[in-house]
Amino acid sequence: MKTIPRPGPADSTPAARSFEQIFLEHWDAIYRLLVRMTGDPAEAEDLALETFFRLHRHPPQEGEGYNPGGWLYRVATNLGLRSIRSFKRREQYELRAGKDVLEAAPENRPAVLFEKKEQDWLAHQALAKMNSRRAELLVLRNSGMAYKDIAEALGLSPASIGPLLLRAEREFEKVYRALDQKEEA
Amino acid sequence: MKKHLNDGDLRAALDGELDETGLHHLESCPVCQERQNLIRAQVQQAARRLSFLSAPAGPTGPAAQIALTHFNQRIKNRKDISMFRKLFASPLVQAGLVIVLILVGVLSVPSTRALAGKFLNLFRVQQVVVVPVDFTGMQQLTGNQTLGKQVSDLISSSITTQQKPGNPVTAADAASASQQAGFNVRVPQGMMPARISVEGAAAFTIKVDATKAQALLNESGRSDLVLPSSINGADVSVNIPASVTVSFGTCPDPVAQDSAKSLNGNGSAGRQYPDCVILAELPTPTVSAPPELNIAQLAQIGLEFTGMTSDQAAAFTQTVDWTSTLVIPLPKNAATYQQVTVDGVTGTLIQRPADDAPQYALLWVKNGIIYAISSLGTNSQQALQMANSLP
């Protein structure tokens, strides 16, 4: 059993390069996932750095099924969901998601963009309220991960992903509709 | 194959993740196809709602190489801060305070010195100075458990507590806090505190065994630092008056371990408590020590021990009036500081880098009271405005 070697800052040893390689290989994907989840580039960078910090501090043991990419995706998804749960007020979300950009949209588009933002807000809230494990599954799948990679990241069998995904989508839809009705009321 | 596919298999088929046998059945089974159409509608609905997760990323983030630089900086900052916390949060805290007070010293007001008699030097804080310290040199001490225990033992055997501060007590308002603390508590005008706490006074004496202290220095690899013989058996008395903290906004519990943990582990305490601001007011502690105790010499040893060269420590020591100055050791890479005009006097503004759990602290001394405004947020201007609005 081996572990991901920990580098020191500005370290150029082979061990340090190994961590750096993982960082350089996965940074972009992890950052983009978090930008999409939170809608806030600054928050996304903070959470992405935190994701790699956790890998640096408590690297997963290398062995059968060792997959640092999947591990990073899972940690990032958890941190992203936790961040979404902290969006206590709509104003806060809109601020993070770039309300100023929305308001600066061409005259014929604000209504469409506003509606889309409303839907995105509800979807974020639904993810925050539903079962964490199923929310993780939805985020990973809808970010484009294949079943095999999701299974590795979450420690599941590939054959179980289809049924679990369907269950997650049903729960998501139920929570989303409840939130939507509450908003309309 | 006669057995129909289950919903999970039908769902997987929509993502092209069903095995060949299953696909073969689906192609020839109208019942499964009809069920799959229903599932497809649900899946597409959810996918539409979650389309922000697959949208092309908007603003471009930092390139991986630049992010790696940020990452390394964050690691270094956390190491420095962690070292800082270890140093001042272990049994060394009490000693830390004591050492600071000893090394730091503080000057006597002539009339009070007369009261103390000719055998004692009495020190009072009149100003605050920051000294950047490279705490990596302390790792050997704090990372070595045996040595750490010896330090703790030396400290606990050297200190005799005369008065414990007890638990903080909540005060209803500034007037009540003033009455309990025994000095005029100032609250910024136009601001409503979330909590006002009064911490009781504390007093203790220190009697250092120079032989044991020198042995510890030797064991930590610093036999080049020689403690003056005047320290041996010298009685140093420290009196810390009652103090007051005034909190604004949502603040972490100052006693809970979580606040330190969140700063160390989760990195985003600044985001969790962005509106928390704490104003602390502490009448200057007094330290009385035998006149033969050379504070500047002890300070120089302390500075060298924390990583300064002998020349650097000597140069710094000469710039400080050790009898009237509170010296705050600050991790070199974890924070910046500057002098500012505040509350009609010169104060010090300490700030941590804004990209990692931003924090600031504004310190100044006025009319015998040490003031500190600190926050996990980034708006240090707010601290200056608060300080300047004190009645």
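Only a predicted model underlies this, so the values are computations on that prediction, with no experimental measurement involved.

**Student:** Can you walk me through the overall build of chain A in this structure?
**Tutor:** When its secondary structure is counted, chain A shows 9 helices and 2 strands. Within chain A, the proportion of its 185 residues that are buried is 38%. For chain A, long-range pairs separated by at least 24 residues make up 65% of all intrachain contacts whose partners lie at least 6 apart in sequence.

**Student:** Is there a simple way to explain the overall build of chain B in this structure?
**Tutor:** Of regular secondary structure, chain B possesses 15 helices and 15 strands. Across the 391 residues of chain B, 35% fall into the buried class. Pairs at least 24 residues apart make up 70% of the contacts formed inside chain B by residues separated by at least 6 positions.

**Student:** Teacher, can you tell me more about the packing of helix 2 (residues 41-57) of chain A against helix 3 (residues 68-85) of chain A here?
**Tutor:** When two helices pack together, their arrangement is given by the angle between the helix axes and by the axis-to-axis distance. Residues and elements named next belong to chain A. Following both chains from N to C, one finds helix 2 and helix 3 inclined at 135°, their axes separated by 9 Å at the closest point. Here helix 2 lies oblique to helix 3, going by the angle between them. In the crossing of helix 2 with helix 3, the sense of the turn from one axis to the other is right-handed. Contacts from Glu43, Leu47, Ala48, Glu50, Thr51, Arg54 and Leu55 in helix 2 reach Pro68, Trp71, Leu72, Val75, Ala76, Leu79, Gly80 and Ser83 in helix 3.

**Student:** Would you mind showing me how to read the sheet that holds strand 9 (residues 277-283) of chain B here?
**Tutor:** Two orientations exist for strands paired in a sheet by backbone hydrogen bonds: parallel and antiparallel. Residues and elements named next belong to chain B. If you trace the 8 strands from one edge of the open sheet to the other, you get 4-5-8-9-15-14-13-12, paired in antiparallel fashion. Of all strands in the sheet, those bounded by a partner on one side alone are strand 4 (169-171) and strand 12 (336-342). Neighbour-to-neighbour, the strand axes of this sheet turn through a mean angle of 20°, independent of strand direction. Of the pairings in the sheet, the one linking strand 9 to strand 15 (residues 369-375) comprises 7 bridges and is antiparallel in character. Counterpart to Ala280 in the pairing with strand 15 is Ala372.

**Student:** How do you make sense of the environment of Arg40 of chain B when you look at a structure like this?
**Tutor:** All names here are of chain B. Turning to its location among the elements, Arg40 is positioned in helix 3 (residues 30-49). Owing to 14 C-beta atoms within 10 Å, Arg40 belongs among the partly exposed residues under this scheme. Considering only alpha carbons, one finds Arg40 and Ala13, 27 residues apart in sequence, at a separation of 9.9 Å.

**Student:** Sorry if this is basic, but what is going on with the interface of chain A and chain B here?
**Tutor:** In many reports, interface size means the accessible area that the parts give up when they come together. At the junction of the two partners, chain A supplies 40 residues and chain B supplies 37 residues. Where the side of chain A that touches chain B is concerned, the elements lending two or more residues are helix 1 (14-38), helix 2, helix 6 (110-129), helix 7 (132-142) and helix 9 (158-184) of chain A. The residue inventory of the side of chain A that touches chain B, partitioned by class, reads 23 nonpolar, 6 polar and 11 charged.

**Student:** Help me understand the confidence of the model for chain B, please; the structure alone is not making it clear to me.
**Tutor:** Caution applies to low-pLDDT parts of the model: their predicted coordinates are not meant to be read in detail. Residues and elements named next belong to chain B. Looking at chain B, the pLDDT average stands at 72 and 67% of residues meet or exceed 70. Overall, residues 80-122 carries pLDDT values under 50, and its contacts beyond four positions in sequence, including any with other chains, amount to 91 contacts. Here residues 256-268 scores under 50 on pLDDT; set against residues more than four positions off or in separate chains, the count is 18 contacts. Predicted complex, confidence summary: ipTM 0.80, pTM 0.51.

**Student:** Got a minute to help me understand the confidence of the model for chain A in this structure?
**Tutor:** All names here are of chain A. Of the residues in chain A, 72% reach a pLDDT of 70 or more, and the chain-wide mean stands at 78. Within chain A, the element-level pLDDT minimum falls on strand 1 (residues 2-3), averaging 36, and the maximum on helix 7, averaging 93. With pLDDT under 50 throughout, residues 1-17 is counted as low confidence; its partners more than four residues away or in other chains account for 29 contacts.

**Student:** Which parts of the structure should I look at to understand the packing of helix 9 of chain A against helix 1 (residues 7-14) of chain B?
**Tutor:** Two elements in contact, helix 9 of chain A and helix 1 of chain B, have axes separated by 7 Å at closest approach and are oriented at 95°. Judged on the interaxial angle alone, helix 1 of chain B and helix 9 of chain A are roughly perpendicular. For the pair formed by helix 9 of chain A and helix 1 of chain B, the contact residues are Ile161, Gly162, Pro163, Leu165 and Leu166 of chain A on the first element and Asp7, Gly8, Asp9, Arg11 and Ala12 of chain B on the second. The residue inventory of the contact of helix 9 of chain A with helix 1 of chain B, partitioned by class, reads 5 nonpolar, 2 polar and 3 charged.

**Student:** What should I look at first to understand the nonpolar core in this one?
**Tutor:** Across soluble globular proteins, nonpolar side chains show a tendency to be buried alongside one another. Counting residues in each nonpolar core, the largest one holds 56 residues, and the members touching the most others are Ile30, Leu34, Ala48, Ala76, Leu127, Leu138 and Ile150 of chain A. The element best represented in this core is helix 1 of chain A, accounting for 9 residues. Core analysis: the second largest hydrophobic core is formed by 33 residues, Ala177, Tyr360, Ile370 and Met386 of chain B among them.

**Student:** Explain helix 13 (residues 295-305) of chain B here, please?
**Tutor:** Along an α-helix, residues three or four positions apart point the same way, because every turn accommodates 3.6 residues. Residue and element names in this part refer to chain B. Most of helix 13 sits inside the fold, with 8 of its 11 residues counted as buried. Restricting attention to buried positions, one finds in helix 13 the residues Ile295, Leu298, Ala299, Gln300, Ile301, Gly302, Leu303 and Glu304. With its phi angle positive at about 125°, Gly307 sits one or two positions after the end of helix 13.

**Student:** It is not clear to me how helix 3 of chain A should be interpreted in this structure. Could you clarify?
**Tutor:** An ideal rise of 1.5 Å per residue puts 26 Å on 18 residues; helix 3 of chain A measures up with 26 Å between its terminal C-alpha atoms. Across the 18 residues of helix 3 of chain A, 13 count as buried, placing the element largely inside the fold.

**Student:** Looking at this structure, how should I read the pairing of strand 3 (residues 159-163) of chain B?
**Tutor:** Across a regular strand the side chains alternate sides, sitting on one face of the sheet and then on the other. All names here are of chain B. Across the 5 residues that make up strand 3, only a small minority, 0, are buried. As defined by bridge partners, strand 3 adjoins strand 6 (residues 202-207) across 4 bridges and the pair is classed as antiparallel. Opposite Thr160, over in strand 6, you have Thr205 as the bridge partner.

**Student:** In this structure, what is going on with the environment of Asp28 of chain A? I would like to understand it.
**Tutor:** Following the sequence through the fold, Asp28 of chain A ends up in helix 1. In sequence terms Asp28 of chain A and Ala48 of chain A are 20 residues apart; their C-alpha atoms lie 9.3 Å from each other.

**Student:** Sorry if this is basic, but what is going on with the pairing of strand 14 (residues 360-366) of chain B here?
**Tutor:** Residues and elements named next belong to chain B. Strand 14 sits mainly inside the fold: 6 of its 7 residues count as buried. Examined bridge by bridge, strand 13 (residues 345-351) and strand 14 share 4 bridges and lie antiparallel to one another. By the bridge assignment for strand 14, Gln351 is matched with Tyr360. By the bridge criterion, 7 bridges tie strand 14 to strand 15 in an arrangement that is antiparallel. The partner of Tyr360 across the bridge, within strand 15, is Ser375.

Reading the values: rules and limits
Residues numbered from 1 in each chain as written. Chains lettered and ligands numbered in written order. Predicted model: local features only at pLDDT ≥ 70, side-chain atom pairs only at ≥ 80, totals over all residues. Helix = DSSP H or I, 4+ residues; strand = E, 2+ residues; numbered from the N terminus. Buried ≥ 20, exposed ≤ 12 C-beta atoms within 10 Å, placed from the backbone. Contact = placed C-beta atoms within 7 Å. Axes fitted to C-alpha atoms, helices over the stretch in contact; angles between N-to-C directions. Parallel < 35°, antiparallel > 145°, perpendicular 65-115°, else oblique. Left-handed = near helix turned anticlockwise from the far one by under 90°. Pairing = 2+ DSSP bridges. Nonpolar A, V, L, I, M, F, W, Y, C, P; charged D, E, K, R; others polar. pLDDT = per-residue confidence, 0-100. Core = buried A, V, L, I, M, F, W, Y, C linked by C-beta atoms within 7 Å. Expected span 1.5 Å × (residues − 1).

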